[in-house]
Amino acid sequence: MNTKILRSLWVSGLCLVCSAFFILEGCKKESPQTGVSKPGQVNVKKGHKELGLELYEKGKNAEAIAEFKKAIADNTANVEVYYKLASACYDEEMTNDAINMYKKVIETEPNHVEARYDLALVYLEEGLCEDGIRELKKVLEIDSKYEDAYYSLGDAYYDCNRKDEAVEIWETLLKDNPEDSILHYNLGVAYRDKKQIKDAISELQKAIASDPKDDDARKLLKQLTLKKQGIKSTGNIKNKKKAEKKNKK
C-alpha cells in the first residue's frame, strides 16, 4: 500500500479518537452531579421521619423533635415516631408535650406497654398518683410478666401513702426474689412507717444479709434498734426505687 495512503489513514484515525475523547469530556461536564456520586452509591433524600429517628439516636433531641413534628404535618409519622417524640420531649423537660405524645401512642396502639409504663412514671413524677397507678395496672393487665411495672407499682403505692398496698406488692415480689435486698429494705422502711418496729428490724437484717454493703439498711437498723431501746435517734431514710424510667432507643 502507498505510504501516503497509510499516513492519511493514520491521521484520520487519530482525529476520530481525539474527537470522541472531547465529546465524552463535554458530556461529563454537562451531566448533573446529583444522584450518582460513585459507582454503586446513590444519594437518596431522607424524609422527616427518617431524619428525626436518626437525630434521636444521636441524642440530638431538639433537632429530632423538629423533624418529628414535620413528619406529623406531612402524615408520614407512625407509632415509633410518636413514641420517640414523647421520649425526646420528656428528656427536654417538655412534660406536657411528652404526656400528649404518649397518649397518642396509646390511642393508636392500646397495648403499647412501653408507652403506658413511661407515661405512668411521668404521671407519678408530676404527683398524679391515681393516673400513674392506673397506667401501671394496665401495663400488668397487658403483660403480667412486666417485672419493672410491679416494682414501680410498689413504689407508687408507697409514695402515694398507700403503704399497705405497697407492702403487699413487695411481699409478693419477694416470693420469686427472696434475696432481693432492695425489697427487704423497702419493707423495712414501710414497716417502720407503720410502727411495726420488730418486723422492720427483721426485714432490714435480711437486706443486710443479702447485701452487706447496704449502708442505708445498716443506718436505719441502728436507728430502729436504738429506738427500741428507748434511745432517740435522728434521720429520715426513705425507700429505694428499684425501677426507673428507661429511654428505649
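Keep in mind it's a predicted model, so treat the numbers as computed, not measured.

Cut-off values and rules
Residues numbered from 1 in each chain as written. Predicted model: local features only at pLDDT ≥ 70, side-chain atom pairs only at ≥ 80, totals over all residues. Heavy atoms only, no water. Helix = DSSP H or I, 4+ residues; strand = E, 2+ residues; numbered from the N terminus. Buried < 20%, exposed > 50% of the residue type's maximum accessible area, 1.4 Å probe, protein only. Contact = heavy atoms within 4.5 Å. Areas by Shrake-Rupley, 256 points an atom, 1.4 Å probe, with all protein chains shown as cover. Disulfide = S-S within 2.5 Å. Phe/Tyr/Trp six-rings, centres within 6.5 Å; stacked < 30°, edge-to-face > 60°. Lys NZ or Arg CZ within 6 Å of the ring centre and 35° of its normal. Salt bridge = Lys/Arg side-chain N within 4 Å of Asp/Glu carboxyl O. Arc of directions from axis to C-beta. pLDDT = per-residue confidence, 0-100. Axes fitted to C-alpha atoms, helices over the stretch in contact; angles between N-to-C directions. Parallel < 35°, antiparallel > 145°, perpendicular 65-115°, else oblique. Left-handed = near helix turned anticlockwise from the far one by under 90°. Nonpolar A, V, L, I, M, F, W, Y, C, P; charged D, E, K, R; others polar.

K.L.:
Could you give me a rundown of the overall build of the protein chain, with the residues and numbers involved?
P.N.:
Looking only at helices and strands, one finds 12 helices and two strands in the protein chain. The order of α-helices and β-strands along the protein chain, N terminus first, is α-β-β-α-α-α-α-α-α-α-α-α-α-α. For the protein chain, the proportion of its 249 residues judged to be buried stands at 37%. Taking the contacts inside the protein chain whose residues are at least 6 apart along the sequence as the reference set, 47% of them involve residues at least 24 apart. When the accessible surface of the protein chain is summed, it comes to about 15,300 Å², and 52% of that surface belongs to carbon and sulfur atoms.

K.L.:
With reference to specific residues and values, describe the state of the cysteines.
P.N.:
For the structure on display, the rule yields one disulfide. Bridging Cys-129 to Cys-160, the disulfide has an S-S length of 2.1 Å. Its torsion about the S-S bond being -100°, the disulfide of Cys-129 and Cys-160 is classed as left-handed. Here Cys-129, found in helix H7 (residues 129-142), pairs with Cys-160, found in the loop between helix H8 (147-159) and helix H9 (163-176); they are 31 residues apart in sequence, far enough to count as distant. Judged by relative accessible area, Cys-160 falls into the buried class, the value being 15%.

K.L.:
Mind laying out the environment of Asp-193, listing which residues take part and the relevant values?
P.N.:
Its place among the elements puts Asp-193 in helix H10 (residues 181-193). By relative accessible area, which is 26% here, Asp-193 ends up partly exposed. Remark: the alpha-carbon pair of Asp-193 and Lys-163, spanning 30 residues in sequence, is separated by 8.4 Å. If near-sequence neighbours (up to four positions away) are discounted, Asp-193 is found in contact with Tyr-158 and Lys-163.

K.L.:
Which residues make up the packing of aromatic side chains, and what values go with them?
P.N.:
Scanning all chains against the criterion turns up three aromatic pairs. Both rings, one in Tyr-117 and one in Tyr-146, keep their centres 5.3 Å apart while their planes meet at 40°; by these two values the pair is tilted. Of this pair, Tyr-117 sits in helix H6 (residues 113-125) while Tyr-146 sits in the loop between H7 and H8; the two residues are 29 residues apart in sequence, bridging distant segments of the chain. The exposure classification of Tyr-117 matches that of Tyr-146, with both residues buried. With a centroid separation of 6.0 Å and 35° between ring planes, the pair formed by Tyr-158 and Trp-170 is classed as tilted. Pair noted here: Tyr-158 is in helix H8 and Trp-170 is in helix H9, with a separation of 12 residues, a long-range link. For Trp-170, a relative accessible area of 0% puts it in the buried group. Across the ring face of Tyr-158, the terminal group of Lys-163 is positioned such that the distance to the ring centre comes to 5.1 Å.

K.L.:
How would you sum up the pattern of salt bridges? Please name residues and give values.
P.N.:
Between side chains of opposite charge, a pair can form as their charged atoms come close. For the structure shown, the criterion picks out 14 salt bridges. In this structure, Lys-206 and Glu-203 form a salt bridge, with 3.9 Å as the shortest nitrogen-oxygen distance. Here Glu-203 and Lys-206 lie together in helix H11 (residues 197-210), a separation of three residues that amounts to about one turn. Judged by relative accessible area, which is 38%, Lys-206 ranks as partly exposed. Under the relative-accessibility criterion, Glu-203 is labelled buried at 9%. Where salt bridges share partners, they join Arg-116, Asp-131, Arg-134 and Glu-135 into one cluster.

K.L.:
Got a sec to walk through helix H2 (residues 48-57)? Specific residues and values, please.
P.N.:
Residues Gly-52, Leu-53, Leu-55 and Tyr-56 constitute the buried set of H2. In an axial view of H2, the angular spread of the buried residues amounts to 165°, which keeps them on one side of the axis. Tucked into the core, H2 has its buried residues touching helix H3 (61-73) and helix H4 (79-91). Just beyond H2, the residue with positive phi is Gly-59, at close to 80°.

K.L.:
So what's going on with the confidence of the model for the protein chain? Residues and values would help.
P.N.:
Looking at the protein chain as a whole, its pLDDT mean stands at 83, while 74% of the residues score no less than 70. This model gives residues 1-6 a pLDDT under 50, and the stretch forms two contacts once residues within four places in sequence are excluded. A low-confidence stretch, residues 27-43 (pLDDT under 50), is modelled with six contacts involving residues beyond four sequence positions or located in other chains.

K.L.:
Break down the packing of H10 against helix H12 (residues 215-228) for me, with residues and values.
P.N.:
The contact between H10 and H12 brings their axes to 11 Å, and the two run at 30°. The angle between the axes of H10 and H12 places the two elements in the roughly parallel class. In this structure, H10 crosses over H12, and the sense of that crossing is left-handed. Residues Tyr-185, Val-189 and Arg-192 of H10 form the contact with H12, whose participating residues are Asp-216, Ala-217, Leu-220 and Leu-224. Classifying every residue of the contact of H10 with H12 gives five nonpolar, no polar and two charged.

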